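Read off the chains here:
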Amino acid sequence: MVRALAILLAQLATAPVVSETVETGERHFVDLKTFECRDITRSTVLQRVCYDPAQQHLIVALNGAYDRYCGVTADTVEHLLGAPSMGQFFNQNIKRDVTTARYACPTRERIQRS
């Protein structure tokens, strides 16, 4: 048992680090290496929230598909994660505002797969 654990730990230590890339609804490929991601279990709307505070980019998984929002402040993400209804907060404060271009992402920020 101890030997198997030692072998497993050695394999993990030598395994290459591979960052995760997701495709958003607008067909952008986004590398999540700079994002902090959280799996969401208490919402029926959101399954995952990923945020890059330096760029103020938010990636959310809704019904198995990823969407990207830009210019989202850390304060807004904090309110989203602490909201009694994350789905309601998201729909009222983030998703709705992308239609007015508040959180729309510039198309020049396309990130290609490596």
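Parameters at a glance
- Every residue gets a number counted from 1 within its own chain, in the order that chain's sequence is written.
- Local features in a predicted model are, by the rule used here, given only for residues with pLDDT of at least 70; side-chain atom pairs are given and counted only at 80 or more, and totals for whole chains, interfaces and linings are based on all residues.
- Side-chain calculation: all heavy atoms of the structure are included, whereas hydrogens and water are not.
- Any carboxyl oxygen of Asp or Glu that lies within 4 Å of a side-chain nitrogen of Lys or Arg is treated as forming a salt bridge with it.
- Here's how the labels work: a residue is buried when its accessible area is under 20% of the maximum for its type, exposed when over 50%, partly exposed in between, all with a 1.4 Å probe on protein chains only.
- Nine residue types can take part in a nonpolar core, namely buried Ala, Val, Leu, Ile, Met, Phe, Trp, Tyr and Cys, and a core is a set of them joined through side-chain atoms within 4.5 Å.
- We count a stretch as a helix when DSSP gives it H or I for four or more residues in a row; a strand needs E for two or more, and each element gets its number in order from the N terminus.
- Contact definition: two residues touch when any of their heavy atoms are within 4.5 Å.
- In short, DSSP must find at least two bridges between two strands for them to pair.

A.B. asks: Got a minute to help me understand the pattern of salt bridges in this structure?
C.D. replies: Any two side chains of opposite charge can pair, on the condition that their charged atoms come close. One pass over the structure, following the stated rule, counts four salt bridges. Between glutamate 23 and arginine 27 there is a salt bridge, with the nearest N and O atoms lying 3.4 Å from each other. Judged by its relative accessible area of 33%, glutamate 23 falls in the partly exposed class. Look at arginine 27 and you get exposed, because its relative accessible area is 60%. Arginine 48 is paired through a salt bridge with aspartate 39; the nearest N and O atoms lie 3.6 Å apart. Accessibility expressed as a relative area gives 13% for arginine 48, which makes it buried. Under the relative-accessibility criterion, aspartate 39 is labelled exposed at 61%. Three or more residues are tied together by salt bridges with common partners; here these are Glu20, Asp39 and Arg48.

A.B. asks: Please clarify how the nonpolar core should be interpreted in this entry.
C.D. replies: A general tendency of soluble globular proteins is for nonpolar side chains to be buried together. Leu46, Leu58, Val60, Tyr69, Leu80, Phe90 and Ile94 are the most contacted members of the largest nonpolar core, which has 17 residues in total. Broken down by element, this core gets its largest block of residues, four residues, from helix α3 (residues 86–98). Aside from chain neighbours lying at most four places away, what touches leucine 58 is Val49, Cys50, Tyr51, Asp67, Arg68, Tyr69, Val72, Val77 and Ile94. Core analysis: the next-biggest nonpolar cluster, separate from the first, contains eight residues, Leu32, Ile59, Ala61 and Tyr66 among them.

A.B. asks: Help me understand the pairing of strand β5 (residues 57–62), please; the structure alone is not making it clear to me.
C.D. replies: Side chains on a regular strand alternate between the two faces of the sheet. Of all six residues making up β5, six are buried, and the element is well covered by its neighbours. Here β5 shows two buried faces, one formed by His57, Ile59 and Ala61 and the other by Leu58, Val60 and Leu62. Taken together, the six bridges between strand β4 (residues 46–52) and β5 define a ladder with antiparallel strand orientation. Among the inter-strand pairings, arginine 48 is bridged to a residue of β5, identified as alanine 61. Here β5 pairs with strand β6 (residues 65–70) via six bridges, running antiparallel. Considered in β6, the bridge of histidine 57 is made with cysteine 70. Following β5, the chain reverses through two residues before pairing antiparallel with β6; asparagine 63 in that reversal takes a positive phi of roughly 50 degrees.

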